Amino acid sequence: MRILLEVSTLGFKTYHFLAKRINEIYPGSQFGIIRGPKVALDFLQSQDDIKYQIFDTDCELTEKDVIDYHEIEKFENTLVHKSIWRIVASDRGLGRAFLHGAVGYEYDGPYDREYILRYCTKLIKRIKETFNEFKPEIFIPAIAMGDIGVTILDQICKENRVPYLLPDGLRIKNYFSFSFNHQNTFPQVDELTEKLINNEIEFDKTHAEQLYKDLLENLDFFDTMNPRHKKREFSGFLKRMNYRYIVISFSIIKSIFNWFVDNFNRLLRGDRSRVFSFIVLYRVIRNAVISRLQRLNLTHSKFGTILEPSQKYLYFPLTGQPEYSNNILGTMWMDHHHLIETLAKSIPHDWVVYVKEHIGLLSDRIRTTDFYTKIDKLPNVILAPIYTSSLDMISNAEMIAVISGTSAWEAILCDKPVIEFRKNLWSVIGLSRKCTDIEKLSITINDEINRINKITQQERKRRIICFLAAVLDRGFWMSNKYLLFSSKTRTDDEYEMCGRELADGLLKHLHYLQTEKGYSFGIHKED
């Protein structure tokens, strides 16, 4: 097999052990690397287990790099949404102008249209050249990327009929599968779910029924063990003052020290780009200070309001910004203020929009200082305290609105109506409603409540069990679901376990593609 891998700081060692496992089972498999940070590439080049063919896709522009309008037009016409600018907007750096309500991620290059189109031209050509040279049979992208290359790689895979296989969790315990595109949809799960719901095939659902029971007994399972969501408390005046002045001062000193160390290391490596840039130092210190002040603000007893039990509300959980779930999956909904205002214009007279900040904001990502002030100005929108139980908010809500995220799946399990602004994994069950026409959002909200109320509990249960049966059949189990997405350094044994499990899941998925979709990898069921 010829497998092309993209690597990032997240999971590059896991991908290496995946390659080792594949090579054990299929000796002679060839592995290429397209795009990756220096730390990952250095590791992959220094190890002796696998000889990787590493392709240079550096896109630093020179005077020779001009806009190829024909190339861009040809590529743009292959896109479902027919616009290169939608891809640009999803880029955390190149599309920084489209990012709202976030601090950081400044892009040092020009923001003008000409530069952006020159960059797009060069990257499209570079990736095409790599595919033509390596001729991959499979492409596995890196986890949680956030630039224009995400969509470009997916599209070039389609042009070459190369499976784009992105590993991701199925939002149900530790079950994973491979998405067939950068939008994290799972057609292998969708198609089986539809057949089961429509009673087109006979299928043993015993394990799915037990899983359904387990989920209902442990509704607060999802993401509660995520290290990013660790509770941070700053109770008491003295503790808060200590954090404000001592801890923040120490973080400034630490930031300056790390900046000097990083720059000296760059010089030792011969990398003189951005060495001793005081603009970078300013941003590092700024982000360190603002992020810690943000923690104090979000955990303050005066942040957020607990609603009266009788108050009806639509629950809207915020997500981090930038984030894959926003920039890539919800590119048209990246402005959360606009989306919240749209919801506020569309709810019944006796509801409010109840907004909860993502608890991950306590560990990373920074909002602008006026982010919450703008929300507070809306008369029928209320912020919740950050440690309010999401499960309680879902259970007491009239409806939940999401772009993507596990809150929608939890809401479905709690028998709540759900409005979503894109197709998600659980959309196939038919217990949520996708809305992309904001002119009709108020009507959609009203209609969805009426529709959901007409579905019997027995029918809801049947549909969910069909979905769970498809997840069990088309997914695979990962012992540590967070390791693949974690930037924390782990042991080689942990990476190896994760890589081997991921490789076994890959072989299972390749067998499905081979038997159901007409691909040929030489995979046998016993593998």
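Below you will find a few notes about this structure. (Residues numbered from 1 in each chain as written. Predicted model: local features only at pLDDT ≥ 70, side-chain atom pairs only at ≥ 80, totals over all residues. Heavy atoms only, no water.)

### Some words on the nonpolar core
As a reminder, the rule being used: Nonpolar cores are built from buried Ala, Val, Leu, Ile, Met, Phe, Trp, Tyr and Cys residues. Side-chain atoms within 4.5 Å join them into one set. Accessible area is worked out with a 1.4 Å probe on protein chains only. A residue is then buried under 20% of its type maximum, exposed over 50%, and partly exposed in between. Only DSSP runs of H or I reaching four residues or more are called helices, and only runs of E reaching two or more are called strands; each is numbered from the N terminus.
Formed by 78 residues in total, the largest nonpolar core has its most connected members in Met1, Ile22, Phe131, Phe139 and Leu510. Considering every element that reaches this core, the biggest residue donor is helix H5 (residues 113–134), with ten residues. Core analysis: the next-biggest nonpolar cluster, separate from the first, contains 47 residues, Leu215, Leu307, Met393 and Ile465 among them.

### Structural notes on helix H15 (residues 406–413)
Filter applied, for reference: Throughout, a residue-residue contact means that at least one pair of heavy atoms, one from each residue, lies within 4.5 Å.
With eight of eight residues buried, H15 lies mostly within the body of the structure. Regarding H15, the residues found buried are Thr406, Ser407, Ala408, Trp409, Glu410, Ala411, Ile412 and Leu413. On its buried face, H15 is in contact with helix H8 (206–217), strand E7 (312–317), helix H14 (390–395), strand E10 (399–402), strand E11 (418–420) and helix H17 (457–474). The positive-phi residue at the C-terminal boundary of H15 is Asp415, with phi of around 65°.

### Considerations on the sheet that holds strand E3 (residues 52–55)
Worth spelling out the cut-off: When DSSP finds two or more bridges between a pair of strands, those strands are recorded as paired. Interaxial angle, 0 to 180 degrees, is taken between N-to-C directions of lines fitted to C-alpha atoms, where a helix line uses only the stretch in contact.
Taken together, four strands build an open sheet; the order of strands is E3-E2-E1-E4 and the sheet is parallel. Only two strands of the sheet have a single neighbouring strand rather than two, namely E3 and strand E4 (138–140). Going from strand to strand, the sheet's axes swing by 25° on average, the running direction of each strand aside. Where strand E1 (residues 2–5) meets E4, three bridges bridge the pair, whose relative direction is parallel. Residue pairing in the sheet places Ile3 in a bridge with Ile138 of E4.

### Quick look at the pattern of salt bridges
What counts here: Only one rule defines a salt bridge in this text: a Lys or Arg side-chain nitrogen within 4 Å of an Asp or Glu carboxyl oxygen.
Inspection of the entire model under this criterion finds 30 salt bridges. Note that Asp504 is salt-bridged to Arg21, the shortest N-O span being 2.9 Å. Remark: Arg21 occurs in helix H1 (residues 12–25) and Asp504 occurs in helix H18 (residues 492–516); sequence separation between them is 483 residues. For Asp504, a relative accessible area of 32% translates into the label partly exposed.

### Focus: the packing of aromatic side chains
Our working rule: Between rings of Phe, Tyr and Trp, where Trp is taken as its six-membered ring, a pair exists when centres lie within 6.5 Å; planes separated by under 30 degrees are stacked, by over 60 edge-to-face, and by other angles tilted. Charge-over-ring placement is defined geometrically: NZ (Lys) or CZ (Arg) within 6 Å of the ring centre, and within 35 degrees of the ring normal.
Counted under the stated rule, the structure contains 17 aromatic pairs. When the centroid spacing of 4.9 Å and the interplanar angle of 75° are considered together, the rings of Trp259 and Phe260 count as edge-to-face. For Trp259, a relative accessible area of 6% puts it in the buried group. Overall, Phe260 belongs to the partly exposed group, its relative accessible area being 36%. Consider the rings of Tyr313 and Tyr354, whose centres lie 5.1 Å apart with planes at 70°: the pair is edge-to-face. Of this pair, Tyr313 sits in strand E7 while Tyr354 sits in strand E8 (residues 351–356), and the two are 41 residues apart along the sequence. Per residue, the accessibility class of Tyr313 equals that of Tyr354, and both read buried. Members of the aromatic cluster, connected to one another through ring pairs, are Phe131, Phe139 and Tyr164. Seen from the ring of Phe134, Arg2 lies directly overhead, with NZ or CZ sitting 4.4 Å from the centre.

### Topic: the environment of Ala470
Its location among the elements puts Ala470 in helix H17. C-alpha of Ala470 to C-alpha of Leu192: the two residues are 278 residues apart in sequence and 5.7 Å apart in space. Sequence-distant contacts of Ala470, that is, excluding residues within four places in its chain, are made with Val189, Leu192, Thr193, Leu196 and Gly475.

### Focus on empty space enclosed by the protein
For the record, the criterion: In the cavity and pocket records, a cavity denotes points on a 1 Å grid over the protein atoms alone where a 1.4 Å probe fits but cannot get out, a pocket denotes an open set with protein on both sides within 12 Å along at least 5 of 7 lines, and lining residues are residues with an atom within 4 Å of a point. Grid points are joined across faces, edges and corners, and a volume is the space filled by probe spheres set on the points. For this scheme, ten residues count as nonpolar: Ala, Val, Leu, Ile, Met, Phe, Trp, Tyr, Cys and Pro. Four count as charged, namely Asp, Glu, Lys and Arg, and the remainder, Gly too, count as polar.
By the definition in use, this model includes two cavities of 30 Å³ or more. Put simply, the largest cavity is a space of about 120 Å³. As for the largest cavity, its lining consists of Asp168, Gly169, Arg171, Asn184, Phe186, Leu329, Ser404, Gly405, Arg422, Asn424, Leu425 and Trp426. Within the lining of the largest cavity, the residues separate by chemical class into four nonpolar, five polar and three charged. Here the lining of the second largest cavity is built from residues that sort into eight nonpolar, no polar and one charged.

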